[in-house]
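Observations on the three-dimensional arrangement
Below, each chain spelled out in residue letters.
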Amino acid sequence: MGDALLAIGTRKGLFLARSRDGGAFEVDPVRFSTIGVHAVAVDTRGRPVPRLLAAIEYGHFGPSVMWSDDLGESWQEAPRPPVAFPEDTGATLTRVWQLQPSPSEPGVVWAGAEPGALFRSEDGGRTFTLCTALWNHPHRPEWQPGGGGLCLHTVLPHPADPGSIAVAVSAAGFYRSTDGGARWEAANRGIRVAFRPEGDQYPEFGQCVHKVAAHPGRPDRLFLQHHFGVYRSDDFGANWTAIGGGLPSDFGFPIVVHPDRPDTVYVVPLESDMDRVPVGHRHQVYRSDDAGESWNAFGEGLPPGPVHASVLRDAMCASPAGIFFGTRDGEVYGSRDDGETWTVIARHLPDVLTVRAAVL
């Protein structure tokens, strides 16, 4: 398998875990101690050593993005705030929720931010500019924040076509562009908004999307975890079909796709929006190998329960290094057999917010 790196962003710092030659992961001492790390990225594009990007929140001094070109030994920050709203918007950056390198444009990194904004970097994540077309979208005045705020938490750049990109905003819905972000359209047809009145449950926008995932080998197929419901689209969001019928609950936050198999998708169901604990008070990862037609639960190696900590929307990832997730009580688990068995990687960390992995 070679060497692997696991980046774990938490409420109080960044933890890097390393595996050598397929061995057990060893967790390094904390970076950014006491500082929230809400998004991380491991940028392996054309680099002998990956660039690490971290979206941090200083507290009193606000959010920022830092980078490391030596696997976290040292970190750099732009002399001016790298992600900032132009003065004429009248907006203040609350948080950077997502950092996503573009697979088709060298040097381009996308940042999803709160309140409901998309930023683009062309220098590897050092500095960013606001995507004004999405910021000025005519739907924006009617967007309402979800429980976590008006967060743009998912950015899906097309792996081969730089003009195609999609984003998800809670609780505004799923939006896509086919011209590099110059124009945007809502793409939520078929997603039911259960908390709206009968007869008005399929609006053009206003969906509380929790997370969206895609496979680079089949970028038009998308998988979406909604506030209620799990969905699949086979046409880049033009139409959505519910696929959560085989799950014990269709409420949850993360959804990820296997790195090699476009039809294999993972979710972590919770009891309900009013009882956000693992179904049956047991950590179980549900996997579908047929694009959501059927589901199977896997939990060997996970604690038998009772457990009460949920898994947040960005705290799960699938990579060639394995499948990983972290919990709100600071435990991190990994699987190297496609999710069938699990081993503990870390315990007693702060609240896990984001997890990313890569083979070095």
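The structure reproduced in this document is the subject of the present report. The structure presented is a predicted model; accordingly, all values stated were derived computationally and were not measured.

1. Let's talk about the overall build of the protein chain
When its secondary structure is counted, the protein chain shows one helix and 29 strands. When its C-alpha atoms are laid out on the principal axes, the protein chain stretches across 50 × 50 × 40 Å. Counting only residues that meet the buried cut, the protein chain has 59% of its 360 residues in that class. Contacts in the protein chain between residues far apart in sequence, at least 24 positions, make up 47% of those at least 6 positions apart. Surface exposure of the protein chain reaches about 14,400 Å², of which carbon and sulfur atoms provide 49%. Taking the average location of the 31 positive side-chain charges in the protein chain and that of its 43 negative ones, the two points are 2 Å from each other.

2. Side note on the sheet that holds strand 16 (residues 209-215)
Strand order in the open sheet made by the four strands is 16-17-18-19, with antiparallel pairing throughout. Each having just a single partner strand, strand 16 and strand 19 (241-242) make up the two edges of the open sheet. Where strand 16 lies against strand 17 (residues 218-226), six bridges are found, and the strand directions are antiparallel. Bridged to His215 within strand 17 is Arg218.

3. Some remarks on unusual backbone geometry
Of note, the amide linkage connecting Ser170 to Ala171 takes the cis form, showing an omega dihedral of 5°. Note on placement: Ala171 falls in the loop between strand 13 (165-170) and strand 14 (173-177). Residue Pro306 is bonded to the preceding Gly305 through a cis peptide linkage, with omega at 0°. Assignment of secondary structure puts Pro306 in the loop between strand 24 (296-298) and strand 25 (316-319). Phi at Asp21 is positive, roughly 55°, even though this residue is not glycine. Along the chain, Asp21 turns up in the loop between strand 2 (13-19) and strand 3 (26-27). Of note in this structure, Phe236 is not a glycine but carries a positive phi near 55°. With respect to the helices and strands, the residue Phe236 is situated in the loop between strand 18 (230-233) and strand 19.

4. Overview of the pattern of salt bridges
Inspection of every chain in the model, using the stated rule, returns 27 salt bridges. Note that Asp234 is salt-bridged to Arg221, the shortest N-O span being 2.9 Å. Separated by 13 residues along the polypeptide, Asp234 in the loop between strand 18 and strand 19 and Arg221 in strand 17 bring together distant segments of the chain. Take Asp234: its relative accessible area is 40%, and that puts it in the partly exposed class. Residue classification places Arg221 among the buried residues on the basis of a relative accessible area of 9%. Here Asp351 makes a salt bridge to Arg328, at a shortest N to O gap of 2.9 Å. Here Arg328 lies in the loop between strand 26 (322-326) and strand 27 (332-335) and Asp351 lies in the loop between strand 28 (343-346) and strand 29 (352-359), a separation of 23 residues in the sequence. Judged by its relative accessible area of 39%, Arg328 is partly exposed.

Calculation criteria
- Residues numbered from 1 in each chain as written.
- Predicted model: local features only at pLDDT ≥ 70, side-chain atom pairs only at ≥ 80, totals over all residues.
- Heavy atoms only, no water.
- Helix = DSSP H or I, 4+ residues; strand = E, 2+ residues; numbered from the N terminus.
- Buried < 20%, exposed > 50% of the residue type's maximum accessible area, 1.4 Å probe, protein only.
- Contact = heavy atoms within 4.5 Å.
- Areas by Shrake-Rupley, 256 points an atom, 1.4 Å probe, with all protein chains shown as cover.
- Lys, Arg positive; Asp, Glu negative; His and termini not counted.
- Charge placed at Lys NZ, Arg CZ, Asp CG, Glu CD.
- Pairing = 2+ DSSP bridges.
- Salt bridge = Lys/Arg side-chain N within 4 Å of Asp/Glu carboxyl O.

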